[in-house]
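Architecture at a glance
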Amino acid sequence: QVHLVESGGGLVQAGGSLRLSCAASGRTFSSYVMGWFRQAPGKEREFVAAISWSGGTTYYAGSVKGRFTISRDNAKNTVYLQMNSLKPEDTAVYYCAINSRYQYRDKDKYDYWGQGTQVTVSS
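No experiment lies behind these values; they were computed from the predicted model shown.

Check the secondary structure of the protein chain and you find zero helices and eleven strands. When the helices and strands of the protein chain are read in sequence order from the N terminus, they spell out β-β-β-β-β-β-β-β-β-β-β. In terms of overall dimensions, the protein chain has C-alpha extents of about 40 × 30 × 25 Å along its principal axes. Counting the 123 residues in the protein chain, one finds 44% classified as buried. Contacts in the protein chain between residues at least 24 apart in sequence constitute 58% of all its contacts with a sequence separation of at least 6.

Okay, here's the thing in structure tokens:
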């Protein structure tokens with residue numbers, strides 16, 4: 001079993017920045033793919049970013065590429081999402097998730113999820 005806890009969400013003005021963190025506990029963290037997803041009201045949960053177990057491979061949704069950066073610290077069992085140049089359309093609940101299948105973009109391939117953290121970007 002893996003337990004994930006997100007933090008760092010909040011209210012920010014457009015153009016601002018936030019850094020989300022996701023702390024993992026339970027099974028060995030370093031061998032898993034970590035991903036960030038988000039879900040806005042009335043919309044499907046969508047892929048945001050993912051990172052390989054080594055941190056050497058990253059993937060981003062087109063809508064956030066160049067503005068968001070995913071990273072991980074296996075010694076701290078933590079994955080981060082640095083979000084810059086935030087836009088009102090980034091408003092959503094952000095979830096971190098983990099999988100052992102070496103999958104990145106497909107939310108159905110993720111095994112464990114955090115409870116989510118709210119990000120609100122005002123215009």
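This paragraph deals with the sheet that holds strand S3 (residues 18–26). Pairing in this open sheet of four strands is antiparallel, and the strands run S1-S3-S8-S7 from one edge to the other. In this open sheet, the two edge strands, each paired with only one partner strand, are strand S1 (2–7) and strand S7 (68–73). Averaged over neighbouring strand pairs, the angle between their axes works out to 15° when direction is ignored. By the bridge criterion, six bridges tie S7 to strand S8 (residues 78–83) in an arrangement that is antiparallel. Of the residues in S8, the one forming a bridge with Phe68 is Met83.

Another point: the environment of Tyr60. Structurally, the position occupied by Tyr60 is in strand S6 (residues 58–60). Spatially, the C-alpha atom of Tyr60 lies 17 Å from that of Ala92, the residues being 32 residues apart in sequence. Those residues in contact with Tyr60 that lie beyond four places of it in its chain are Phe47, Val48, Ala49, Lys65, Phe68, Thr69, Ile70 and Arg105.

What counts as what
- Residues numbered from 1 in each chain as written.
- Predicted model: local features only at pLDDT ≥ 70, side-chain atom pairs only at ≥ 80, totals over all residues.
- Heavy atoms only, no water.
- Helix = DSSP H or I, 4+ residues; strand = E, 2+ residues; numbered from the N terminus.
- Buried < 20%, exposed > 50% of the residue type's maximum accessible area, 1.4 Å probe, protein only.
- Contact = heavy atoms within 4.5 Å.
- Pairing = 2+ DSSP bridges.
- Axes fitted to C-alpha atoms, helices over the stretch in contact; angles between N-to-C directions.

Read these as geometric descriptors, not functional statements.
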